[in-house]
Structures are given as structure tokens and as C-alpha cells.
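# What the coordinates show
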Amino acid sequence: MNLTELLPAEWRAELSTHLDESATAALGEFVAAEYASQTIYPPVEDLFAAYRLCLPAQTRVLILGQDPYHGPGQAHGLSFSVRDGVRKPPSLGNVFKELAEDVNIAKPVSGDLTGWARQGVLLLNAVLTVRAGKAGSHGGKGWEAFTDATIRALNEREERIVFLLWGSYARKKAALVTNPAHVVLEAGHPSPLNRAGFLGSRPFSAANKALADGGRPVIDWDPRATV
């Protein structure tokens, strides 16, 4: 599986200088073997959905998750998002709770965040695949270098990007954002197991303020918004 060939051309160009060719090839072999022999999420056609929906020049916000949901029908290539009709996981429930408190958007019935992606929110997981029922099972296989390269490529862009890093794992990636044009907003993870640090952090209004201060259009945080 040639991973870079599966990317949109715009992302392929941006990532080319940040990826090690042999390591990416080895990752592609691992991922192909896993899809061939195991139940892997998301479906292969959704592997790079975040990249397809949000090209580099369109990216205004990055929200970083850890790895995909590992239950049937949940993961579809966008961090924290589930398809329409799928029960919302607890972390996403807290995201929507904060959304209502922060920017007064009523909790959506659907957990599909495609509307955010289409506006320039890159919904990226640090690890892009997972075995069914085994959270974190594809960690340490090479995806981290791939998605770190994505962050580094965005860091090189001069138009402001807001990086929303939720939880200790995501917050470690703040070190990759060195360009003063950009803004990093850190908070606790939205998981209900994290009793402090996310609810009340007001990330959505803070992100829009940072975008406006940088002369970029703000995000309509209603996931039902069309563009």
C-alpha cells in the first residue's frame, strides 16, 4: 500500500520533505497486511478522509485525537467524529456539551463532524488505524511520524492555524509548532474519565478569536453548517 499515493496531491506535496521514504513504505506494508488479515477501522476508503476534506491551504484549525474509535461503525477517518446515526461516544458528548456552553450551539443529534472538516478544521488522529476492539493497537507502528509530518508541514505555512490540543498525548505535539504565526490552545482531554481541564476551557470561542486576530475567517462551529 503506497500511502502517499492515496493522499490528495496537495498534501502529498506538503508532506514530501517531512517523511522518511523507507519508514513510510514500511508503514504502508504493515497497514496493508493488517487490512488483509484483521478487522481494521476506519474502512480503508476513509483512511485519509480528514486530508481529502481539508486541504493544506484550507486548514484553519487542527484538532488532534489519539487513535480511531475501535467499535463497529464508529470511525470514519475524522478525529472525535462518528457517522450519522451512530451513538455518540462519551468524549464527543463532552465536546458537544462544551460547544453549547462556549458558543451557544445546541447539542447536535448527529456526531458527524464533516461540516467542521469542510470549513477547514483538520480532524486528525495521531494514529490513523486501529484493530477492532483493541484501542491503541496500531500505536508505535509508524503513524506517529506520518502525522507529526502533517503538523510540521502546517507549521511551515504562514497563514494562521490554531492547534487545539486536548489531553496529555496531544499536548506533547505543541513542541512541533514553532512558527509564531500560529496559535496553540491546550486543554484536558474531553473524556469523562478526565474530571478537570476540558469542560470550561472554551476552545471554540478562543479558536475563533485567534483566527480573527490573525485576519482569517472564523469557523461556524455548528457541525450542521454547510459551506
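Residues numbered from 1 in each chain as written. Predicted model: local features only at pLDDT ≥ 70, side-chain atom pairs only at ≥ 80, totals over all residues. Heavy atoms only, no water.

Per an unreviewed UniProt entry, the recorded name for the chain is Uracil-DNA glycosylase, and the organism is Actinoplanes aureus. Listed under Sequence similarities (unreviewed entry) in UniProt, the entry text for the chain is "Belongs to the uracil-DNA glycosylase (UDG) superfamily. UNG family." (UniProt positions renumbered as here; feature names shortened; annotations may be inferred.)

Another aspect to go through is the sheet that holds strand 5 (residues 162-166). Strands sit in the order 3-2-5-6 across an open sheet of four strands; the sheet is parallel. Two strands bound the open sheet, and with one partner strand each, they are strand 3 (121-125) and strand 6 (183-187). The average undirected angle you get between the axes of adjacent strands in this sheet is 20 degrees. Inspection of the sheet shows strand 5 paired to strand 6 by five bridges, in the parallel sense. Along strand 6, the bridge assignment pairs F163 with V184. Relative to strand 3, helix 7 (residues 143-155) is tilted by about 155 degrees, and along the sheet it contacts strand 2 (61-65), strand 3 and strand 5. Each of strand 2, strand 5 and strand 6 touches helix 9 (residues 203-213); the most contacted strand, strand 5, lies at about 160 degrees to it. (Pairing = 2+ DSSP bridges. Helix = DSSP H or I, 4+ residues; strand = E, 2+ residues; numbered from the N terminus. Axes fitted to C-alpha atoms, helices over the stretch in contact; angles between N-to-C directions. Contact = heavy atoms within 4.5 Å.)

Where helix 5 (residues 90-103) contacts helix 9, the axes come no closer than 7 Å and their chain directions differ by 60 degrees. Considered as vectors, helix 5 and helix 9 are oriented oblique to each other. Between helix 5, through V95, E98, L99, D102 and V103, and helix 9, the contact on the second element is made entirely by P203, F204 and S205. For the contact of helix 5 with helix 9, the class distribution of residues is five nonpolar, one polar and two charged. (Parallel < 35°, antiparallel > 145°, perpendicular 65-115°, else oblique. Nonpolar A, V, L, I, M, F, W, Y, C, P; charged D, E, K, R; others polar.)

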